[in-house]
Amino acid sequence: MAWSASGLFVATHIDQWDPTNLAIDLTAEDSKVAFWGSSVTPNFDTDTAYNTAPWNSGQSSGAGYTAGGPTLTGTTLAVVSGSMRFDADNVQLDNSTITSEGVLHYWPNKTNRAFLAVWFGAPKETQDGTFLITWHANGIAVLDCTP
């Protein structure tokens, strides 16, 4: 069966990622990003929630960071040129002293269900400075629905 990027197909994917089916709304500002060090090696088939292995140890810590991470704000879910795109405002931790190699995006009010993890490519750190995550111009995550 060949898939097309028709409006119905893309709308169906939007429904799968909003409260219609999963009781998770990617546009609601009720999810968080927890910062992690290099000790975490996730298995995305089995490691499905924050605060369960391996996401229960190795979290970043230090001044300017609270365990569990900041809440994502400005979240959007949109269809652009046949792709479904999830995005949010950039994340900024002022006056921080932390080291992190990535973040886990999850919902505290949905049994800490994980959605995605973002690896920075290498450890990043601040010393009494601003830790800034600038998301890609296309968004945090993109599902390409084009044939």
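Residues numbered from 1 in each chain as written. Predicted model: local features only at pLDDT ≥ 70, side-chain atom pairs only at ≥ 80, totals over all residues. Heavy atoms only, no water.

**Q** Please give an account of the overall build of the chain that cites residues and values.
**A** Counting secondary structure elements, the chain contains one helix and eight strands. In sequence order, the secondary structure elements of the chain are arranged as α-β-β-β-β-β-β-β-β. The 147 residues of the chain split such that 35% are buried. Accessible area of the chain: about 8000 Å², with a carbon and sulfur share of 51%. (Helix = DSSP H or I, 4+ residues; strand = E, 2+ residues; numbered from the N terminus. Buried < 20%, exposed > 50% of the residue type's maximum accessible area, 1.4 Å probe, protein only. Areas by Shrake-Rupley, 256 points an atom, 1.4 Å probe, with all protein chains shown as cover.)

**Q** So what about the sheet that holds strand β8 (residues 141–144)? Which residues, and what values?
**A** Within the open sheet, the three strands sit side by side as β2-β3-β8. Their pairing is antiparallel. Strands at the two margins of the open sheet, each flanked by one partner only, are β2 (76–80) and β8. When strand polarity is set aside, the average angle formed by the axes of neighbouring strands in this sheet is 15°. Relative to strand β3 (residues 83–87), β2 is paired through five bridges, and the arrangement is antiparallel. Bridge pairing in β3 places Val79 opposite Met84. (Pairing = 2+ DSSP bridges. Axes fitted to C-alpha atoms, helices over the stretch in contact; angles between N-to-C directions.)

**Q** Tell me about the confidence of the model for the chain, and please be specific about residues and values.
**A** Mean pLDDT for the chain: 85, with 84% of residues reaching 70 or above. Counted against residues more than four places away or in other chains, residues 1–10, with its pLDDT under 50, gives 13 contacts. (pLDDT = per-residue confidence, 0-100. Contact = heavy atoms within 4.5 Å.)

**Q** So what about the environment of Gly139? Which residues, and what values?
**A** By secondary structure assignment, the location of Gly139 is in the loop between β7 (129–133) and β8. Residues Gly139 and Leu77 lie 62 residues apart in sequence; the distance between their C-alpha atoms is 9.3 Å. Residue contacts for Gly139: discarding those within four places in its chain leaves Phe86 and Asp87.

**Q** I'd like to hear about the packing of aromatic side chains, residue by residue, with values.
**A** Under the counting rule described, the total for this entry stands at eight aromatic pairs. Taking 5.9 Å as the distance between ring centres and 70° as the angle between the ring planes, the aromatic pair formed by Trp107 and Phe115 counts as edge-to-face. Residue class for Phe115 comes out partly exposed when judged on its relative accessible area of 25%. Aromatic ring contacts, followed pair by pair, group Phe35, Tyr65, Phe120 and Phe131 into a single cluster. (Phe/Tyr/Trp six-rings, centres within 6.5 Å; stacked < 30°, edge-to-face > 60°.)

**Q** Give me the lowdown on the side chain of Ser31, citing residues and values where you can.
**A** Along the chain, the position of Ser31 falls in the loop between α1 (7–16) and β1 (32–36). A polar side-chain atom of Ser31 sits 2.7 Å from a polar atom in the side chain of His105. Ser31 has contacts with Pro70, Thr71, Leu72, His105, Tyr106, Trp107 and Pro108, leaving out every residue within four places of it along the chain. (Polar contact = N/O pair within 3.5 Å; in protein donor to acceptor, adjacent residues only side chain to side chain.)

**Q** I'd like a description of the nonpolar core, backed by residues and values.
**A** Membership of the largest hydrophobic core comes to 27 residues, with the highest contact counts inside it found for Phe35, Trp36, Leu72, Phe86, Val91, Ile133 and Trp135. Listed by contribution, the elements that provide at least two residues to this core are β1, β3, β4 (91–96), β5 (99–107) and β7. Each residue touching Ile133, except ones within four places of it in the same chain, is listed here: Phe35, Asn90, Val91, Val103 and Phe120. (Core = buried A, V, L, I, M, F, W, Y, C linked by side-chain atoms within 4.5 Å.)

**Q** Mind laying out the sheet that holds β5, listing which residues take part and the relevant values?
**A** Spatially, β1-β5-β6 is the arrangement adopted by the three strands of the open sheet, whose pairing is antiparallel. Two strands lie at the open edges of the sheet, namely β1 and β6 (113–125), each paired on one side alone. Shown here is a sheet whose adjacent strand axes are inclined to one another by a mean of 20°, direction ignored.

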